[in-house]
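Chain by chain, the residues:
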Amino acid sequence: GAGVSQTPSNKVTEKGKYVELRCDPISGHTALYWYRQSLGQGPEFLIYFQGTGAADDSGLPNDRFFAVRPEGSVSTLKIQRTERGDSAVYLCASSLTVGNNSPLHFGNGTRLTVT
Amino acid sequence: AQKITQTQPGMFVQEKEAVTLDCTYDTSDPSYGLFWYKQPSSGEMIFLIYQGSYDQQNATEGRYSLNFQKARKSANLVISASQLGDSAMYFCAMYTGNQFYFGTGTSLTVIP
(Lines give C-alpha, C1' and ligand atoms only; values in the text may rest on other atoms or scores of the structure.)
Protein backbone atom coordinates (compact mmCIF):
# COMPACT_ATOMS: atom_id res chain seq x y z
CA GLY A 1 0.00 0.00 0.00
CA ALA A 2 0.93 3.67 -0.14
CA GLY A 3 3.46 4.96 2.34
CA VAL A 4 3.59 8.30 4.11
CA SER A 5 3.40 11.12 1.61
CA GLN A 6 4.82 14.59 2.23
CA THR A 7 4.38 17.64 0.07
CA PRO A 8 6.12 19.64 -1.14
CA SER A 9 9.41 17.76 -1.30
CA ASN A 10 11.28 21.05 -1.42
CA LYS A 11 10.25 24.52 -0.32
CA VAL A 12 12.29 27.70 -0.64
CA THR A 13 10.88 30.76 1.07
CA GLU A 14 12.02 34.18 2.11
CA LYS A 15 12.63 35.13 5.71
CA GLY A 16 9.43 36.33 7.32
CA LYS A 17 7.06 34.39 5.08
CA TYR A 18 4.49 31.78 6.13
CA VAL A 19 4.76 28.15 5.02
CA GLU A 20 2.62 25.05 5.25
CA LEU A 21 3.97 21.53 5.03
CA ARG A 22 1.58 18.67 4.39
CA CYS A 23 1.68 15.05 5.53
CA ASP A 24 -0.59 12.24 4.39
CA PRO A 25 -0.06 9.22 6.68
CA ILE A 26 -0.52 5.55 5.95
CA SER A 27 -4.21 4.74 5.87
CA GLY A 28 -5.42 3.42 9.21
CA HIS A 29 -2.47 4.74 11.21
CA THR A 30 -3.80 6.56 14.25
CA ALA A 31 -0.60 8.26 15.38
CA LEU A 32 1.21 10.94 13.40
CA TYR A 33 4.50 12.55 14.29
CA TRP A 34 6.46 15.54 13.04
CA TYR A 35 10.24 15.72 13.32
CA ARG A 36 12.88 18.16 12.18
CA GLN A 37 16.27 16.98 11.00
CA SER A 38 19.27 19.22 10.52
CA LEU A 39 22.32 18.15 8.54
CA GLY A 40 24.31 15.50 10.36
CA GLN A 41 21.80 15.15 13.18
CA GLY A 42 19.13 12.70 14.19
CA PRO A 43 15.44 13.57 13.95
CA GLU A 44 14.29 16.06 16.57
CA PHE A 45 10.76 15.60 17.91
CA LEU A 46 8.28 18.42 17.32
CA ILE A 47 4.73 17.16 17.92
CA TYR A 48 2.59 14.07 17.73
CA PHE A 49 -1.10 13.44 17.22
CA GLN A 50 -3.24 10.61 18.45
CA GLY A 51 -6.29 10.93 16.26
CA THR A 52 -7.24 14.58 15.81
CA GLY A 53 -5.70 15.96 18.96
CA ALA A 54 -2.12 16.95 19.62
CA ALA A 55 -1.11 14.52 22.33
CA ASP A 56 2.30 16.10 22.86
CA ASP A 57 3.52 19.36 21.37
CA SER A 58 6.43 19.84 23.73
CA GLY A 59 8.97 19.76 20.90
CA LEU A 60 7.63 22.79 19.04
CA PRO A 61 10.44 25.36 19.37
CA ASN A 62 8.21 28.42 19.77
CA ASP A 63 4.76 29.81 18.99
CA ARG A 64 5.64 30.38 15.33
CA PHE A 65 5.17 26.64 14.84
CA PHE A 66 1.73 25.07 14.81
CA ALA A 67 0.30 21.81 13.50
CA VAL A 68 -3.19 20.50 12.90
CA ARG A 69 -4.83 17.21 12.01
CA PRO A 70 -8.49 18.16 11.76
CA GLU A 71 -9.93 14.85 10.54
CA GLY A 72 -7.47 12.47 12.09
CA SER A 73 -5.66 11.75 8.85
CA VAL A 74 -3.79 14.46 6.91
CA SER A 75 -1.72 16.86 8.99
CA THR A 76 -0.32 20.28 8.22
CA LEU A 77 2.68 21.84 9.92
CA LYS A 78 2.49 25.62 9.79
CA ILE A 79 5.40 27.96 10.34
CA GLN A 80 4.82 31.70 10.65
CA ARG A 81 7.40 34.46 10.15
CA THR A 82 10.04 31.97 9.02
CA GLU A 83 13.64 32.48 10.08
CA ARG A 84 16.84 31.21 8.49
CA GLY A 85 17.30 28.90 11.47
CA ASP A 86 14.11 27.08 10.47
CA SER A 87 15.91 25.65 7.44
CA ALA A 88 15.94 21.86 7.82
CA VAL A 89 14.28 18.70 6.58
CA TYR A 90 10.87 18.26 8.15
CA LEU A 91 9.95 14.61 8.51
CA CYS A 92 6.50 13.21 9.07
CA ALA A 93 5.93 9.69 10.35
CA SER A 94 2.91 7.61 11.22
CA SER A 95 2.41 4.49 13.29
CA LEU A 96 -0.44 2.05 13.55
CA THR A 97 -0.90 2.73 17.24
CA VAL A 98 0.91 4.49 20.03
CA GLY A 99 3.15 2.14 21.95
CA ASN A 100 6.60 0.72 22.30
CA ASN A 101 6.10 -1.99 19.70
CA SER A 102 4.67 0.18 16.92
CA PRO A 103 7.44 1.43 14.61
CA LEU A 104 7.36 4.77 12.88
CA HIS A 105 7.01 4.82 9.10
CA PHE A 106 8.51 7.95 7.63
CA GLY A 107 7.78 10.03 4.59
CA ASN A 108 10.56 11.36 2.37
CA GLY A 109 10.52 14.70 4.12
CA THR A 110 10.16 18.32 3.06
CA ARG A 111 13.41 20.21 2.68
CA LEU A 112 12.72 23.78 3.82
CA THR A 113 15.16 26.51 2.92
CA VAL A 114 14.64 29.99 4.30
CA THR A 115 16.65 32.63 2.46
CA ALA B 1 19.93 14.09 29.28
CA GLN B 2 20.86 12.05 26.25
CA LYS B 3 18.47 9.12 25.93
CA ILE B 4 20.19 7.41 22.99
CA THR B 5 23.94 7.44 22.44
CA GLN B 6 25.67 6.37 19.24
CA THR B 7 29.40 6.82 19.73
CA GLN B 8 30.56 5.95 16.21
CA PRO B 9 30.12 8.90 13.85
CA GLY B 10 31.54 6.89 10.95
CA MET B 11 32.29 3.24 10.23
CA PHE B 12 33.86 1.40 7.31
CA VAL B 13 33.36 -2.26 6.44
CA GLN B 14 34.59 -4.45 3.64
CA GLU B 15 31.91 -5.84 1.36
CA LYS B 16 30.66 -9.27 2.53
CA GLU B 17 32.00 -8.73 6.05
CA ALA B 18 29.86 -8.24 9.17
CA VAL B 19 29.71 -4.93 11.04
CA THR B 20 28.35 -3.88 14.44
CA LEU B 21 26.90 -0.43 15.03
CA ASP B 22 26.79 0.56 18.69
CA CYS B 23 23.85 2.01 20.58
CA THR B 24 23.34 2.59 24.28
CA TYR B 25 20.17 3.95 25.84
CA ASP B 26 18.95 5.42 29.08
CA THR B 27 15.50 5.01 30.58
CA SER B 28 13.99 4.14 33.91
CA ASP B 29 10.80 2.76 32.33
CA PRO B 30 10.58 -1.05 32.50
CA SER B 31 8.66 -1.13 29.22
CA TYR B 32 10.26 0.35 26.13
CA GLY B 33 10.98 -0.41 22.51
CA LEU B 34 14.23 -0.17 20.60
CA PHE B 35 14.40 0.44 16.85
CA TRP B 36 16.98 0.83 14.12
CA TYR B 37 16.47 2.93 11.02
CA LYS B 38 18.50 3.29 7.83
CA GLN B 39 18.70 6.62 6.02
CA PRO B 40 20.34 6.45 2.58
CA SER B 41 21.60 9.59 0.88
CA SER B 42 18.18 9.93 -0.77
CA GLY B 43 16.81 10.88 2.66
CA GLU B 44 14.02 8.45 3.48
CA MET B 45 14.11 6.79 6.89
CA ILE B 46 13.65 3.05 6.56
CA PHE B 47 12.60 0.92 9.53
CA LEU B 48 14.91 -2.08 9.92
CA ILE B 49 14.34 -3.92 13.17
CA TYR B 50 12.57 -3.76 16.54
CA GLN B 51 13.35 -5.14 19.99
CA GLY B 52 10.96 -4.99 22.93
CA SER B 53 12.32 -4.59 26.44
CA TYR B 54 10.65 -7.79 27.56
CA ASP B 55 11.77 -9.85 24.59
CA GLN B 56 13.96 -12.72 25.71
CA GLN B 57 15.55 -13.36 22.36
CA ASN B 58 17.49 -11.00 20.14
CA ALA B 59 15.51 -9.75 17.16
CA THR B 60 16.55 -10.77 13.66
CA GLU B 61 15.36 -9.57 10.25
CA GLY B 62 17.23 -11.10 7.34
CA ARG B 63 20.82 -9.83 7.48
CA TYR B 64 20.03 -7.56 10.43
CA SER B 65 20.16 -8.66 14.03
CA LEU B 66 19.93 -6.69 17.23
CA ASN B 67 22.34 -7.60 20.02
CA PHE B 68 20.24 -6.67 23.05
CA GLN B 69 22.07 -6.55 26.37
CA LYS B 70 19.54 -5.25 28.83
CA ALA B 71 21.82 -5.00 31.87
CA ARG B 72 24.27 -2.91 29.86
CA LYS B 73 21.46 -0.93 28.25
CA SER B 74 22.87 -1.59 24.82
CA ALA B 75 21.12 -2.44 21.56
CA ASN B 76 23.77 -2.88 18.92
CA LEU B 77 22.85 -3.52 15.29
CA VAL B 78 24.73 -6.28 13.51
CA ILE B 79 24.68 -6.34 9.72
CA SER B 80 25.98 -9.58 8.25
CA ALA B 81 27.41 -10.03 4.74
CA SER B 82 27.57 -6.27 4.04
CA GLN B 83 26.52 -5.06 0.62
CA LEU B 84 27.34 -1.84 -1.19
CA GLY B 85 23.71 -0.80 -0.79
CA ASP B 86 24.12 -0.85 2.98
CA SER B 87 26.11 2.39 2.80
CA ALA B 88 23.91 4.89 4.65
CA MET B 89 23.29 6.64 7.96
CA TYR B 90 21.93 4.37 10.67
CA PHE B 91 19.89 5.68 13.58
CA CYS B 92 19.08 3.93 16.82
CA ALA B 93 15.81 4.96 18.45
CA MET B 94 13.92 4.21 21.64
CA TYR B 95 10.24 4.53 22.44
CA THR B 96 9.63 5.37 26.07
CA GLY B 97 7.37 7.74 27.94
CA ASN B 98 5.13 8.21 24.89
CA GLN B 99 7.98 9.54 22.78
CA PHE B 100 10.57 8.32 20.33
CA TYR B 101 14.14 9.39 20.95
CA PHE B 102 16.79 9.18 18.24
CA GLY B 103 20.56 9.03 18.39
CA THR B 104 22.86 11.18 16.29
CA GLY B 105 23.50 8.36 13.85
CA THR B 106 26.40 6.37 12.45
CA SER B 107 27.51 6.75 8.85
CA LEU B 108 28.37 3.35 7.39
CA THR B 109 30.47 3.03 4.26
CA VAL B 110 30.82 -0.36 2.59
CA ILE B 111 34.06 -0.71 0.67
CA PRO B 112 34.11 -2.91 -2.44
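Computed from a predicted model, the values in this text were never measured in an experiment.

Conventions used here
- Residues numbered from 1 in each chain as written.
- Chains lettered and ligands numbered in written order.
- Predicted model: local features only at pLDDT ≥ 70, side-chain atom pairs only at ≥ 80, totals over all residues.
- Heavy atoms only, no water.
- 1 Å grid on protein atoms, 1.4 Å probe; cavity = no way out; pocket = protein on both sides within 12 Å on 5 of 7 lines; lining within 4 Å.
- Points joined across faces, edges and corners; volume = space filled by probe spheres on them.
- Helix = DSSP H or I, 4+ residues; strand = E, 2+ residues; numbered from the N terminus.
- Nonpolar A, V, L, I, M, F, W, Y, C, P; charged D, E, K, R; others polar.
- Contact = heavy atoms within 4.5 Å.
- Buried area = accessible area lost by both parts, 1.4 Å probe.
- Salt bridge = Lys/Arg side-chain N within 4 Å of Asp/Glu carboxyl O.
- Polar contact = N/O pair within 3.5 Å; in protein donor to acceptor, adjacent residues only side chain to side chain.
- Disulfide = S-S within 2.5 Å.
- Buried < 20%, exposed > 50% of the residue type's maximum accessible area, 1.4 Å probe, protein only.

Trainee: Hey, could you run me through the layout of surface pockets in this one?
Mentor: Over the atoms, a rolling probe the size of a water molecule traces out where space has been left empty. Size it by volume and the largest pocket reaches roughly 520 Å³. Forming the boundary of the largest pocket are 25 residues, of which A:Gln37, A:Val89, A:Arg111, B:Gln39 and B:Gly43 lie nearest the centre. Listing elements by their share of the lining of the largest pocket, those giving two or more residues are strand S9 (88-95) and strand S11 (110-114) of chain A together with strand S10 (88-96) and strand S12 (106-111) of chain B. No other element matches S10(B), which puts 3 residues into the lining of the largest pocket. Broken down by class, the residue content of the lining of the largest pocket amounts to 9 nonpolar, 15 polar and 1 charged.

Trainee: Explanation requested: the interface of chain B and chain A in the structure shown.
Mentor: The extent of an interface is frequently quoted as the accessible surface area lost upon association of the parts. Counting residues at the interface gives 18 residues for chain B, matched by 21 residues for chain A. Between chain B and chain A, the buried area comes to about 1,600 Å², and carbon and sulfur atoms account for 57% of it. Along the contact surface separating chain B from chain A lie 0 salt bridges. Counting across the interface, chain B meets chain A through 3 residue pairs in polar contact (both at pLDDT 80 or more). Elements with a contribution of two residues or more to the side of chain B that touches chain A: strand S5 (33-39), strand S6 (46-52), S10 and strand S11 (99-102) of chain B.

Trainee: Would you mind going over the side chain of A:His29 with me for this structure?
Mentor: Along the chain, A:His29 falls in the loop between strand S3 (19-24) and strand S4 (31-37). Those residues in contact with A:His29, other than ones at most four positions away along the chain, are A:Arg69, A:Ser94, A:Ser95, A:Leu96 and A:His105.

Trainee: What should I look at first to understand the state of the cysteines in this one?
Mentor: When the sulfur atoms of two cysteines share a covalent bond, that bond is a disulfide. Residues and elements named next belong to chain A. Evaluated as defined, the whole model comprises 2 disulfides over all chains. Paired by a disulfide, Cys-23 and Cys-92 hold their sulfur atoms 1.8 Å apart. Because the sign of the S-S torsion sets the handedness, a value of about -65° for the bond joining Cys-23 and Cys-92 places this disulfide among the left-handed ones. Of this pair, Cys-23 sits in strand S3 while Cys-92 sits in strand S9, placing them 69 residues apart in sequence. Overall, Cys-92 belongs to the buried group, its relative accessible area being 0%.

Geometry only, nothing functional implied.
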